[in-house]
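Spelled out from the first residue to the last, the chains are:
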Number of protein chains: 2
Amino acid sequence: MLNPAPILHVEDNEDDQFFLKRAFDAAGIINTLHVVDNGQKALDYLSGSGLYTDRQQYALPCLVILDLKLPRVHGLDVLKWIRAHEEFKTIIVIILSSSPLRNDVDTAYKTGSNSFLVKPLSGDQTTRIARLIKEYWLENNEFPSVSGMVEPIDRFGIKPPKLKE
Amino acid sequence: MLNPAPILHVEDNEDDQFFLKRAFDAAGIINTLHVVDNGQKALDYLSGSGLYTDRQQYALPCLVILDLKLPRVHGLDVLKWIRAHEEFKTIIVIILSSSPLRNDVDTAYKTGSNSFLVKPLSGDQTTRIARLIKEYWLENNEFPSVSGMVEPIDRFGIKPPKLKE
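Residues numbered from 1 in each chain as written. Chains lettered and ligands numbered in written order. Predicted model: local features only at pLDDT ≥ 70, side-chain atom pairs only at ≥ 80, totals over all residues. Heavy atoms only, no water.

## Re helix H2 (residues 39–47) of chain A
Residues and elements named next belong to chain A.
Piece 1. In terms of burial, H2 is largely enclosed, as 8 of its 9 residues are buried.
Piece 2. Listing the buried residues of H2 in full gives Gly39, Gln40, Ala42, Leu43, Asp44, Tyr45, Leu46 and Ser47.
Piece 3. On its buried side, H2 packs onto strand S1 (7–10), strand S2 (33–36) and helix H3 (75–84).
Piece 4. Measuring from the side-chain oxygen of the N-cap residue of H2 to the backbone nitrogen of Gln40 gives 2.9 Å; that N-cap residue is Asn38.
Piece 5. Immediately beyond the C-terminal end of H2, within one or two residues, lies Gly48, with a positive phi of roughly 65°. (Buried < 20%, exposed > 50% of the residue type's maximum accessible area, 1.4 Å probe, protein only. Helix = DSSP H or I, 4+ residues; strand = E, 2+ residues; numbered from the N terminus. Contact = heavy atoms within 4.5 Å. Polar contact = N/O pair within 3.5 Å; in protein donor to acceptor, adjacent residues only side chain to side chain.)

Next comes the structure, spelled out in structure tokens:
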């Protein structure tokens, strides 16, 4: 019953990458976890360009876990880009941010985030969040169809991903 | 930490109303659960009209749990109406439907559903879903600001709620 697609974790902090990966393992999440460390790479991954042209290795994710304060392209701009593409309009995006500023939370939902979680402060809490993501989203939620590739565009003033020569 | 706002359950089937209420109680959800049995009443509740003009008694919900096959106004039209109103654009809406038809799931997400759950077949499963709703949404998710009232409109060909004389 688990969705076999990978999960895309967009996070620049190496500690946060490590703790979420460890928590996913502890929770028994078997989906491949792909990590990208800036917003531009998230766009590259989704549009299948840059380092991520191989869709077999970098399949479209069933879930995007998205930090907000990201280098190069801010998390909210990544979310805008995702929702501006018909192909990704329905992909499940969970914001995982360290600061639940009221304005960030509201803007995230207005931009189309499905959910907004605050980064846990301890390993135990991270495992709890990972378990909830597994039980709620992966085991019980019905996922939308997500398929197809998309041409990178320059909407929202975001530089299109560089294509390999 | 629990969000004190009520939860609005939009469901015409009395058994499903009963089982969800019982499961919410078993899961220890303390939020008031308001139930409306057709789509028009959901619009009335949210817009504070019809039977629901008293905002103290019928406060705006933090969560809408929405069936799809509803009398008078279909669940997807309720969702469209919710997302067409700036005041409710960000309110968390979970579809809880008995049939996960691919088209319904995709349309629900395109229309702005946060999540899509399938109605459980047993009491135990319903309690499990209630517990997950509590742990994931009520205990860990950051809610958007939801406030204000809205004038009923005739968008999407939906009859505006009748006002009391």
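Alright, that's what it looks like, and here's the rest.
## As for the packing of aromatic side chains
Piece 1. Tallied over the full model, the rule gives 16 aromatic pairs over all chains.
Piece 2. On the basis of an interplanar angle of 20° and a centroid distance of 5.1 Å, the ring pair of A:Tyr136 and B:Tyr136 is categorised as stacked. Pair noted here: A:Tyr136 is in helix H5 (residues 123–138) and B:Tyr136 is in helix H5 (residues 123–138), and the two residues belong to different chains. Per residue, the accessibility class of A:Tyr136 equals that of B:Tyr136, and both read buried.
Piece 3. Considering the side-chain rings of B:Phe18 and B:Phe19, the 5.5 Å spacing of their centres and the 70° angle between planes classify their relative orientation as edge-to-face.
Piece 4. Residue class for B:Phe18 comes out partly exposed when judged on its relative accessible area of 48%.
Piece 5. Residue B:Phe19 is classed as partly exposed on the basis of its relative accessible area, which comes to 34%.
Piece 6. The rings of A:Tyr136, A:Trp137, B:Tyr136 and B:Trp137 are connected pair by pair, giving a single aromatic cluster. (Phe/Tyr/Trp six-rings, centres within 6.5 Å; stacked < 30°, edge-to-face > 60°.)

## Here we look at the interface of chain B and chain A
Piece 1. The partner chain A presents 30 residues to the 30 residues of chain B that form the contact.
Piece 2. Interface area, chain B with chain A, both sides summed: about 2600 Å², of which 50% is carbon and sulfur.
Piece 3. When the area that chain B buries against chain A is broken down by residue, the three leading residues are B:Tyr109, B:Tyr136 and B:Glu142, summing to 26%.
Piece 4. Connecting chain B to chain A are 6 salt bridges.
Piece 5. Across the contact surface, chain B and chain A share 25 residue pairs in polar contact (both at pLDDT 80 or more). (Buried area = accessible area lost by both parts, 1.4 Å probe. Salt bridge = Lys/Arg side-chain N within 4 Å of Asp/Glu carboxyl O.)

## Details of the packing of helix H2 (residues 39–47) of chain B against helix H3 (residues 75–84) of chain B
When two helices pack together, their arrangement is given by the angle between the helix axes and by the axis-to-axis distance.
Residue and element names in this part refer to chain B.
Piece 1. At a closest axis distance of 9 Å, the pairing of H2 and H3 adopts a crossing angle of 20°. Taken as axis vectors, H2 and H3 run roughly parallel relative to one another. The crossing of H2 and H3 is right-handed. Only Val78, Trp81 and Ile82 of H3 make contact with H2, whose side of the interface consists of Gly39, Ala42, Leu43, Leu46 and Ser47.
Piece 2. Partitioning the contact of H2 with H3 into residue classes produces 6 nonpolar, 2 polar and no charged. (Axes fitted to C-alpha atoms, helices over the stretch in contact; angles between N-to-C directions. Parallel < 35°, antiparallel > 145°, perpendicular 65-115°, else oblique. Left-handed = near helix turned anticlockwise from the far one by under 90°. Nonpolar A, V, L, I, M, F, W, Y, C, P; charged D, E, K, R; others polar.)

## As for the relation of the copies chain B and chain A
Piece 1. When chain B is fitted onto chain A, the two copies agree to an RMSD of 0.0 Å after a turn of 180° and an axial shift of 0.0 Å. Both copies of the chain, as the preceding transformation shows, are related through a two-fold rotation axis. Residue B:Asn114, judged by its C-alpha, is the member of chain B lying nearest the rotation axis, at 2.4 Å.
Piece 2. The share of interface residues of chain B whose copies in chain A are also at the interface is 100%, consistent with both copies meeting through the same surface. (Least-squares fit on C-alpha atoms with pLDDT ≥ 70 in both.)

None of this, on its own, says anything about what the molecule does.
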